[in-house]
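This is what each chain is made of:
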Amino acid sequence: MAKFFLSYGYNLIIFFIISHLMSILGKLNPWNPSIPYEILSLNISSKLSTNSHAIKESSKDFGKIIQEILPAAVLYPSCVNDIIDLIQFSHDLSVPFHVAAKGHGHSIRGQAMAKNGVIVEMSSLNNNINNNENCGVRVSWDSGLGFYADVGGEQLWIDVLRSTLEYGLAPVSWTDYLYLTVGGTLSNAGISGQTFRYGPQISNVHEMDVITGKGELVTCSKDMNSELFFGVLGGLGQFGIITRARIVLDKAPTRVKWVRMLYDDFSKFTKDQEHLISIHHNGLDYVEGSLMMEQSSLNNWRSSFFSPSNQTEIASLLSKNKIMYCLEIVKYYDDQNANTIDEELKKLVKGLKYLGGFMFKKDVSFVEFLNRVRSGELELQSKGKWDVPHPWLNLFVPKSSIMHFHAAVFVDIILRQNKTAGPILVYPTSRKRWDDRMSTMIPEEETFYCVGLLHSSSGYKECKILDNQNEEILNYCDKVGLNIKQYLPHYKTKEDWIKHFGKKWNIFQQRKDLFDPKMILSPGQRIFN
């Protein structure tokens, strides 16, 4: 009888322990067996959620194309150690579960999803910024490095900008949209009109703290654990989760001269762009270009630039030409060169072959320019047009192929099919600003073009049409050998990934074996899974 009561009492204690742990998680869905119950005994159990609303929210991204790839749970870490505990737990299992870090959720095709695994909501670290283990944004100076900022991987670039400006400083390389996380853009490259001059964001990092797929927190730089450093930059989340990045800073300008010029000839447009990015001394700080078509909005969500009278003029021109090209340039300035900036700009645009009478100028603050996309986003949100499917296609096109690409893709596919629903970017950058040891793939040529087909669709049917057009473009480029590379790449087969990485594939695979041997991290990229 005593044995019975001892056994009964023991089972009762176990029952109450499990019940207590389960209650911590709140109202649970049926437990997903892909994650063992033993996880509930870890310190992170109170930060895990299997709540159906949390699951659903963490399974959304900006693309709105991939749906219903649901994790088993969501982790809301309060410190970096919570993420380490999670990954170590998975790594030590005989059958590990997947883990994906999610920043601002700006992926297009489910890259930050983890079917039956755990999504790590990195923004939760920002909610616990007073925790000494969390980095936030810290500005420092070093005799060897100059000014820099140590920045948490979960930080949005807009917050990095605001924090560094308090010291009169700012990062030098940006993306067009600032509401993205540092860890997210560094896992890809981070490009914009500044890339030709300052390089992509991955070229402006001194060091990082990274949690590998083995659950190890490693500090890495070009000189320390360099294999991990170069692998993670542009590595699509395959080798580790970035928890801190040391970012290059420089003196921040206060204002910018912002100019747009229109062209009706693509050859003149590209030659002028290539000329402008070749000016090294006292040149421009930003060069981007875009296509203008009769069916697309002249003032799109990327920025509201043209006045109503400008728009009437441009629309009249577009009705004749059907397609035109807008060259967008920026020169930074402050009080020191305020008196000479107009003359500097005049010299830089001298000899350009834009259409006479079609130069438009603005003078705005540095912040207003960098954060130009935000107002367009808020306007679309108010109209219910932001939270829609975005079948984007981003490419790097070699300079030698850009004229062919224009004729075959911009004119013969996009203009002819008349399905475009969003901005189309096209601007050159220079290979010498990139480091080939990093994971990002770019064309072999010294100059190549960043092309962004930034479509928005009203629903699934239109999204499918635009996606089919993307597929047609990719198939054509492959068939005729234009040697393009996808930026923010998406492929369906391992063979396609091997082709994408080309000569880098072997080292990419070796790095995976070294830093994430059980293939736990970022399954949504569909490279190794």
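Residues numbered from 1 in each chain as written. Predicted model: local features only at pLDDT ≥ 70, side-chain atom pairs only at ≥ 80, totals over all residues. Heavy atoms only, no water.

1. Brief notes about the overall build of the protein
And then number 1: Scanning the protein from terminus to terminus reveals 17 helices and 18 strands.
And then number 2: Scaling as 2.2 N^0.38, a compact globule of 529 residues should have a C-alpha radius of gyration of about 24 Å, and the protein matches this with 25 Å.
And then number 3: Along the first, second and third principal axes, the C-alpha set of the protein runs to 100 × 55 × 45 Å.
And then number 4: Looking at the protein as a whole, 56% of its 529 residues are labelled buried.
And then number 5: Across the protein, contacts joining residues at least 24 apart in sequence account for 74% of those joining residues at least 6 apart.
And then number 6: Accessible area of the protein: about 23,000 Å², with a carbon and sulfur share of 52%.
And then number 7: Between the mean site of the 56 positive side-chain charges and the mean site of the 55 negative ones, the protein shows a separation of 4 Å. (Helix = DSSP H or I, 4+ residues; strand = E, 2+ residues; numbered from the N terminus. Rg over C-alpha atoms; globule rule 2.2 N^0.38 Å. Buried < 20%, exposed > 50% of the residue type's maximum accessible area, 1.4 Å probe, protein only. Contact = heavy atoms within 4.5 Å. Areas by Shrake-Rupley, 256 points an atom, 1.4 Å probe, with all protein chains shown as cover. Lys, Arg positive; Asp, Glu negative; His and termini not counted. Charge placed at Lys NZ, Arg CZ, Asp CG, Glu CD.)

2. A short note on the pairing of strand β17 (residues 447-453)
And then number 1: The element β17 is largely enclosed, with a buried count of 7 among its 7 residues.
And then number 2: Side-chain alternation along β17 places Thr447, Tyr449, Val451 and Leu453 on one buried face and Phe448, Cys450 and Gly452 on a second face that is also buried.
And then number 3: Strand direction decides the pairing type here: strand β16 (residues 424-430) and β17, joined by 7 bridges, are antiparallel. By the bridge assignment for β17, Tyr427 is matched with Cys450. (Pairing = 2+ DSSP bridges.)

3. Let's talk about the packing of helix α9 (residues 266-277) against helix α14 (residues 402-417)
And then number 1: Direction vectors running N to C along α9 and α14 enclose 135 degrees, while the axes themselves pass 11 Å from each other. Classified by the angle between their axes, α9 and α14 sit oblique to one another. Judged by the twist between their axes, the crossing of α9 over α14 is right-handed. Note on element contacts: α14 touches α9 through Ile402, Met403, His406 and Phe410, opposite Phe266, Ser267 and Thr270.
And then number 2: Its residues assigned to classes, the contact of α9 with α14 shows 4 nonpolar, 3 polar and no charged. (Axes fitted to C-alpha atoms, helices over the stretch in contact; angles between N-to-C directions. Parallel < 35°, antiparallel > 145°, perpendicular 65-115°, else oblique. Left-handed = near helix turned anticlockwise from the far one by under 90°. Nonpolar A, V, L, I, M, F, W, Y, C, P; charged D, E, K, R; others polar.)

4. A short note on the confidence of the model for the protein
And then number 1: Scored by pLDDT, the protein comes out at a mean of 92, with 92% of its residues at no less than 70.
And then number 2: Here residues 12-19 is modelled with pLDDT under 50, and outside its nearest four sequence neighbours on either side it reaches 0 contacts, counting other chains as well.
And then number 3: This stretch, residues 21-28, has a pLDDT under 50; its non-local contacts, to residues over four places away or in other chains, come to 15 contacts. (pLDDT = per-residue confidence, 0-100.)

5. As for the sheet that holds strand β3 (residues 99-102)
The strands that make up a sheet are held in pairs by hydrogen bonds between backbone atoms, and each pair lies either parallel or antiparallel.
And then number 1: Within the open sheet, the 4 strands sit side by side as β1-β2-β4-β3. Their pairing is mixed. Looking at strand neighbours, the two that pair on one side only are β1 (48-49) and β3, the edges of this open sheet.
And then number 2: Bridge count between β3 and strand β4 (residues 118-121): 4 bridges; the pairing is parallel. Along β4, the bridge assignment pairs Val99 with Val118.

6. Description of helix α15 (residues 460-480)
And then number 1: If you check α15, its first and last C-alpha atoms are 30 Å apart, about what 21 residues at 1.5 Å a residue would give, namely 30 Å.
And then number 2: Residues of α15 that are buried include every one of Cys463, Leu466, Asp467, Gln469, Asn470, Ile473, Leu474 and Cys477, and no others. Viewed along the axis of α15, the buried residues span an arc of 155 degrees, placing them on a single side of the element. The outward face of α15, more than 90 degrees from its buried face, is lined by the exposed residues Tyr460, Lys461 and Lys479.
And then number 3: Gly481 occupies a position one or two residues after α15 and carries a positive phi of about 70 degrees. (Expected span 1.5 Å × (residues − 1). Arc of directions from axis to C-beta.)

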